[in-house]
Structures are given as structure tokens and as C-alpha cells.
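# Analysis of the macromolecular model
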Amino acid sequence: MSNPAVPPRSLAEALRARDDASLAALLRARPDLITPVPTDLTQLATRAGTRASVVRALERLDRFALQTAEALAVAADPAPYEELLALLTGDGGDPAVSSALPRALATLREQALVWGDDDRLRLVRTARELLAPSPQHPSPTGLGPTVQEATAGMSPGRIQDIVTATGLGSTHDSVSAVASLTALFGDRKRMSALLDGLPEESREVLTRLVWGPPYGQVTADPAAHLRRLLDLGLLVPTAPGTVVLPREVALHLRGGRAHRAVEPLPTAVEPAATHRPQVVDATAAGQAYTALATVEELLKDWDEGGPAVLRAGGLSVRDLKRTAVALDVAEPVAAFWVELAYAAGLLASDGEADERYAATPAHDEWLEQPVAQRWARLAEAWLTATRVSGLVGGRDAKERTLSTLGPGLDRSAAPEVRHRVLTLLAGLPEGASPSKESVLARLRWERPLRGPQREDDLRSRLAEWTLAEAELLGLTGRGALSGHGRALLGATAQKTPDQVPEGPGDKLPVHHRPTVAEPLSPAEQATASAAAARLLAPLLPEPLDHVLLQADLTAVAPGPLQRSLAEVLDVLADVESKGGATVYRFTPGSVRRALDAGQSASDLHAFLAAHARTPVPQPLTYLIDDVARRHGHLRVGAASAYVRCDDDALLNEILADKRAAGLRLRRLAPTVLAAQADPASLLDGLRAMGFAPAAESAEGDVLITRAHAHRTPPRTAPEPVPDGPPIPDATLLSAAIRAIRAGDLASTTPRRQTDRPPPATGEFPRTNSAETLATMQAAVLTGEALWIGYVNAEGAASQRLIAPVRVEGGFVTAYDHTADEVRTYPLHRVTGVSELADEA
């Protein structure tokens, strides 16, 4: 541990001065630093300064923290706290910025993007390179290079001319001349006097450049007002025909501010409308039931084998349109339901040679669950899925169309955005629904876009889709988060503002403090889902065990039906209309379908009598008896195909019918006709002619066809694509910090001086086998600790601080301070050993 009284000279020293809680916060905020676990704090600091890691950290800063980093990038290096504050508040000051700056600075320090005391703040070099102004990468602040940077390639004579034109005394060298210009441009009073002497046209040029971009074009013979600016060094040529406004001049014209608009406080999510919580919950519950009915109808439609899988994967546009028509929804909504069922593991491809989509065995288990639990499974799958149905119809990087269930729909940011949007809704009063614009504005503040603002950025689109999909799924009602939606989000999914520790000077109003969102663990999510199901269950309608039969051969279901009743009715009748009540129509074809499934006429009469609240109409009774009387009179089997019937007159009628010409029938016997068509085509052809044939097996029995015939092999739900390394849990953090501390102790502990030259920085000790063995045996007797280099079975080298306990059989057993446990190491894998200095 370094001396806290001595300012750190590097990021590694600053990390070394941190306690374990601070290191844990760093590794939790930047989990990429822990994969794999660094060997010591120097390696941790090096990894924290790599470009990929810094870019990732910057992209996860909120707007004000990012503006603070941008201000530090244009400040002196190192910069005192007062200079940073002045760049953010300007000459006039801003109490809100002054109050919020300690929190933003604490965030940057916690994430190892800034280090040093308040009088010597340093931005990590990689972050400065990314955020500082350059001709290739303009600064987000709109500022240009400093006077020193802009005049780096200028001749000494030209610099002296500028110094003389500004009224400064000439100097003996360019360095002092540039320093004089920098002091002049940074002096408010002298700079104001200099600008007051300019013509109006010159001041207008500066006004156009002041907020960026700071570069402009001039001709070889510039106008007088431009020449005046060049003579005074207020514009500096950087290339032929190109000039730049120096940073010091721009800051004076801006009143000392680095940004045109500083946003220290998050945008508030304002309610657009307020409804009674009971209305919200009832509306959401109704939509939740509709969501379940839609998914069940989708899977029922694909029950005996759904659409074919495209060669490149996914669903064709034609099949998506057919699905949308079957579900009576728009195509984007149909894509959402299909992707939701896939994310929940309820449908998948069957893997056959003629690959098709179908329900999975998990679908049958899902149907056996209570209604509320089925909804909770869908909602949980949606909340954690990385596949985004809203992208369907768009194009990927190779200009290929993205299809439903196809590749290219995963977006790792989707779960985080969904979770954050619902968290923002949960932060409103119960029954309040926000405006979409305020939600999008808040998300942009929390994760500002790098570069120019675009309305079609992915996070904004994900947020818009989240609001729409949450309403479809029944998590929200009338735009407000429901009670079961709050439960699904989980009470531990967020820390309330009162639980967020305040930093020095942090006086933000409670409703303005950003919520700290954290993902739920699998166990916590299971508990939250169960709680949501318990809240939703009383709001769902009870399934009915009856229908209302009408004389026009229809049946009305005044509400949701019990599953066993609905399954039989779906076979016996065709759905004519849906809504609050479902209307079924009985037709000869639907009754024949029930008979084909193994029902008899008496079974159907008994079923209707048991489940009808009204008397069975006479036309329906006649319809069932008439179809049953003719059903199976003709038998179709497999020869190529044949028709047999005990009534040879009926077979004569078929042969004489011109519509049978396509079946190419011929008589084999008085009661048997043979056909060159296959049995299925023969069945369809005879039914189209008005007959009611039945298929029979090779044994001559009636072949019963039942629904629910096709299932895929067991399939697991698709795994979400992670958004970078997972956040480490407390156990992993504790072990990693212990290993880093021990490795750092091993690398920084003084070694005992020997005749052998010490290893170079970063190298491990090197000794021969005999010396290694002798040193180990001596350490066992004296109880001293040793510093060793070790190469494991995978070839990875590391340094360790050990206290040998026993040496025998080619192995050393020692207490490993790095791992904080007793371990045994093969001596042949020890590269070398070094004794520690006595003062260590």
C-alpha cells in the first residue's frame, strides 16, 4: 500500500492506494478488466488504459460525466479542480454544475478514467487521445488546438510578427513568444480590449467558428478582415487554405465554457397521463390474456408442422404474411409473437431433411401450467432475450434482408434497454404513463451518443419497441406499468435513490438522481416471476365450461374456455370471429374432421349436451347425424390407392362422374376401385365431389387422424448474446482482489541482493534446478517467504509469493499468499526463486 500523503505518480500507484471496496467498484463497473484476472495492480492499470476498454467505459458514462471527461481533455494536464469547474460553469458560474461535479468526478475516478488528487487531476492518456481535439477527430466540445499546438510548425519569424502585432514585446525565442501569446489570450481584460479593436466583419468570422467546428477555409489572398485576424494570431493557418481558431481564443469568446450547454441533471421522465391503478392492472391483464391466446393460436397453427426453414435460416416473407393473416395482426406484430415463442423455447426447427418449424415438447409442458405462470414465462423470456423482432425487414451489414427467426437479430443491448425503460416507468407514481419523448430524452442523457445526434440510433429504437411490446405483452396498461409488471421487474432490480451513496457536495434532488439498474440473478428473477404470476392470477378471467348453441349452426363462447373444451370445439367447429366472445360455426367439413379424429356421432351429441347452456338445436343434430351416416361408407387405402364400398351402385356413380377423371379410377372388383393417385389426393378428390370417404389402414381398420402430431426433438431456448463480460459476483470479486493484492505484493516486495543480476522489470526470477531446490529447502527450515516464477500446465507464466512448508518427491507444498491457500507445485515448473529482503 502506497503512502496516502504522497501524490500518486501513475494510475498504478493510484490503484494501489485504493481499498478493497474501491477496487471492487472498479471491477464491477468495468468487468472486462477482470477477464482474465490481472496478476498485479500494474497489469490492472495497463489493461484499464487500453483503447478497447476505455472506449467501452466512455460509452457507458452519462452525459454530464462524459462532458466532465471532455472538459478535462481540453484542460491542462494535470488540471486543478478549479480549472475543471471553470470550464464547465464559465465565468458566470452555475450552482447546479458545481453541485453535480463531485459526483461526476467520483464516477470517473471509480472507473479509473481519472486519477490524482483535486489539485492534479489527470485523465487517462487513452481517454485524452480519444476526446482531445485533433484535425482528424474534432473534439465533442467544438474546441480546436491550443496556441502552442497550432503554431508548432510556424516559422520563428512569423511568430515574432504575431507577437509584435498584438502589442507584446518581441522575445528571443519562439517558446517564450508562444507563452506570451497564450498568456494574452487567457487574460480576460487584455483579450477583450484586443477584440474591441477589430472590425465587425472580423468579429463575425470568430462568432461563426466559436462553437465549432473551429476550422475554416481562406483563399491565398484573404480579405482585409481575415488578414487582420491572421496577423493577430486569432486565426492560425494549419495547412494551405485552412485556418483554425485557437482554443484559448474560443474559450474567451465562450465565456470560459467548454460546452455550449452543460447538462448536470438527468432529464426528468414526466407523466403524460394518469389513470387509476385498478384500471391499469385490468387493462394489462386483459392484454396479457390476449397475448397468451395469440401465442397458443400460433403454436396450434404450426402444430402439425409449420413453415419451412429458409436455406439461410429463418422464415420467408410469404410465410410471415400467412402467419399474420392467421393471427389477424400486422406483420411486425406477427414477427414479435413468433420471436417471443422462440425465445421462450416453445417453437424451433425440427432438424429434419425437409426442415420445418414446429412446437417443441416444452410447449406441451407449458400448456399444463396455470395461466398466470404461462404468462410469466413469456414475459421473463422477453425481458432477457437479445433477439429483436423490430429489426425484421431491415438489412444487415452485407445488405441482406433480416428475416424472422433468422440470423442477425441479436442485439446485446436489448435486455438492458428493456430493463431500463421499465425501471423508468416504475419510478413514476402508480397509474402514470410517460410520454415517449421524455423516456427517449432520459435514455439519451444516461447513454449519450458518441458523435452527432441521430434520431434513429439503436437505443432509441429499442426503447420505442420496448414501450410497444410491453403493452402487447400486458406488462403495461394504457402506457403505465402494471402491478404485475413491477413485480416482474423485481424489487431488487434497482436501488432506490435513497440507497445510492452520496459523494462530497452531492445535493441533487432525490427525483433527479439516476437510478442504478442491476440485472437480477436467475434465482431472483424466478422469485420475481412467481410474484408477478401471483398478482396477475386474480385479474385473469376464469375459464368457462360451457358454450351457447344457436339455431344457425353456430356456438358462442362468452369468454375463455377450459382447455379441454376448447381443444374439442376447435376440431368440431371452425372459428368464425374472435373478440370478447368467440363464435364457432359447425359445417359438414368440421363435423367430418371430428369423426376423422375418432369421435362417433353419439360422442358428439353427448359432448354438446354436456357443455351447452342452451338446448342443442335440431339443425345441428341433423348435421351431425347426416355426416356420420355417410362417413366411412367409402374406404380409401394404399395400393397406389383404392376405394372400396359394399354398395356397388355408389362406385358406379363415382366412375360416371366427370370430376373423377383426374383420379384415373378403374374397377378391380364389384366393390373396389383402384386409382393412380396417392391416398391423400384420392381422399381430397372424393371429398371435393361431395362424398365422405374415410381412410383405412393396411389391416382394413378406419385410420384415425389426430391433431398435435408433430413435435421437434427436445430443444433449449436460445441463449441471449451477452453485452460484454458478465458483472462479477461478490465471491469472484473477493477472490480476484485477493489474488491481485497478493500478486502486487509479490511484484513490489524488495528482493535480497545476490551476485546474480536482478531480473528486469516484468521478468520472473531465473535459477537452475539445484539452486531452486536448495533455496526451497532452506526456506522450509527458516520459515521465510520466497518469490517464485511459475508456469502452469497451459503454459501461462505467473509470479507468486509463497511460504514453503514441505519439499519432497519433486514437489513443494507451500502457503500461497497470491491464492490465500495451501498449494502444491511441481518443482520442474518453477522458473526460478528469489529470497525477499529482510525489511520486507
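Residues numbered from 1 in each chain as written. Predicted model: local features only at pLDDT ≥ 70, side-chain atom pairs only at ≥ 80, totals over all residues. Heavy atoms only, no water.

### Notes on the pairing of strand S4 (residues 236-239)
- With 3 bridges joining them, S4 and strand S5 (residues 242-244) adopt antiparallel strand pairing. Bridging across to S5, proline 237 finds its partner in valine 243.
- Taking the residues that link successive antiparallel strands as the turn, the S4-S5 hairpin has 2 residues, and the phi of glycine 241 there is positive, at about 85°. (Pairing = 2+ DSSP bridges. Helix = DSSP H or I, 4+ residues; strand = E, 2+ residues; numbered from the N terminus.)

### So, the confidence of the model for the protein
- Mean pLDDT for the protein: 84, with 90% of residues reaching 70 or above.
- Within the protein, strand S12 (residues 494-495) has the poorest average pLDDT of any element, 40, and helix H18 (residues 331-343) the best, 95.
- Low confidence marks residues 451-455, where pLDDT is under 50. Its contacts with residues over four positions away, or in another chain, come to 5 contacts.
- Here residues 491-517 is a poorly scored stretch, pLDDT under 50, and it has 45 contacts once near neighbours within four places are set aside; other chains count. (pLDDT = per-residue confidence, 0-100. Contact = heavy atoms within 4.5 Å.)

### A word on the packing of helix H5 (residues 63-74) against helix H7 (residues 95-110)
- Where H5 contacts H7, the axes come no closer than 9 Å and their chain directions differ by 80°. With respect to H7, the axis of H5 lies roughly perpendicular. Residues Phe64, Ala65, Thr68 and Ala69 of H5 lie in contact with H7, whose contacting residues are Val97, Ala100, Leu101, Ala104 and Leu108.
- For the contact of H5 with H7, the residue count by class is 8 nonpolar, 1 polar and no charged. (Axes fitted to C-alpha atoms, helices over the stretch in contact; angles between N-to-C directions. Parallel < 35°, antiparallel > 145°, perpendicular 65-115°, else oblique. Nonpolar A, V, L, I, M, F, W, Y, C, P; charged D, E, K, R; others polar.)

### Concerning the packing of aromatic side chains
- A full pass over the atoms with the stated rule returns 3 aromatic pairs.
- Centroid distance tyrosine 790 to tyrosine 825: 4.8 Å. Interplanar angle 65°. Geometry classified as edge-to-face. Here tyrosine 790, found in strand S23 (residues 786-791), pairs with tyrosine 825, found in strand S26 (residues 821-826); they are 35 residues apart in sequence, far enough to count as distant. For the residue pair tyrosine 790 and tyrosine 825, the accessibility class agrees, reading buried in each case. (Phe/Tyr/Trp six-rings, centres within 6.5 Å; stacked < 30°, edge-to-face > 60°. Buried < 20%, exposed > 50% of the residue type's maximum accessible area, 1.4 Å probe, protein only.)

### A closer look at the sheet that holds S26
- With antiparallel pairing, the 5 strands of this open sheet are ordered in space as S26-S25-S24-S23-S27. Of all the strands in the sheet, just S26 and strand S27 (830-835) have a single pairing partner and so form its edges. Geometrically, the sheet is characterised by an average inter-axis angle of 45° between neighbouring strands, direction not taken into account.
- The sheet contact formed by S23 and strand S24 (residues 797-808) spans 6 bridges and is antiparallel. Each residue of the ladder has a partner; that of tyrosine 790, found in S24, is serine 798.

### Description of the pattern of salt bridges
- For the coordinates displayed, the defined rule picks out 30 salt bridges.
- One salt bridge connects arginine 593 with aspartate 574, and the closest N-O pair in it is separated by 2.9 Å. One end of the pair, arginine 593, is in helix H27 (residues 588-596); the other, aspartate 574, is in strand S16 (residues 574-577), with 19 residues separating them in the sequence.
- Exposure remark for arginine 593: the relative accessible area of 32% places this residue in the partly exposed category.
- By relative accessible area, aspartate 574 is classed as partly exposed at 29%.
- Three or more residues joined by partner-sharing salt bridges are found here, namely Asp77, Arg122 and Arg128. (Salt bridge = Lys/Arg side-chain N within 4 Å of Asp/Glu carboxyl O.)

### Here we look at the sheet that holds strand S14 (residues 548-550)
- A sheet is described by the order of its strands in space; here 4 strands give the open sequence S14-S15-S17-S16, paired in antiparallel fashion. The open sheet has two free edges, formed respectively by S14 and S16, since each of these has just one partner strand. Geometrically, the sheet is characterised by an average inter-axis angle of 30° between neighbouring strands, direction not taken into account.
- In this structure, S14 lies alongside strand S15 (residues 554-557), joined through 3 bridges in antiparallel fashion. The partner of glutamine 550 across the bridge, within S15, is threonine 554.

### Some points on helix H17 (residues 317-327)
- Every buried residue of H17 is accounted for by Asp319, Leu320, Thr323, Ala324 and Leu327. Here the buried residues of H17 occupy an arc of 140° about the axis, which is enough to place them on one side. Among the exposed residues of H17, those oriented more than 90 degrees off its buried face are Arg318, Arg322 and Val325.
- Buried residues in H17 make contact with helix H16 (277-301) and H18.
- Of the residues trailing H17, aspartate 328 is marked for its positive phi of about 60°. (Arc of directions from axis to C-beta.)

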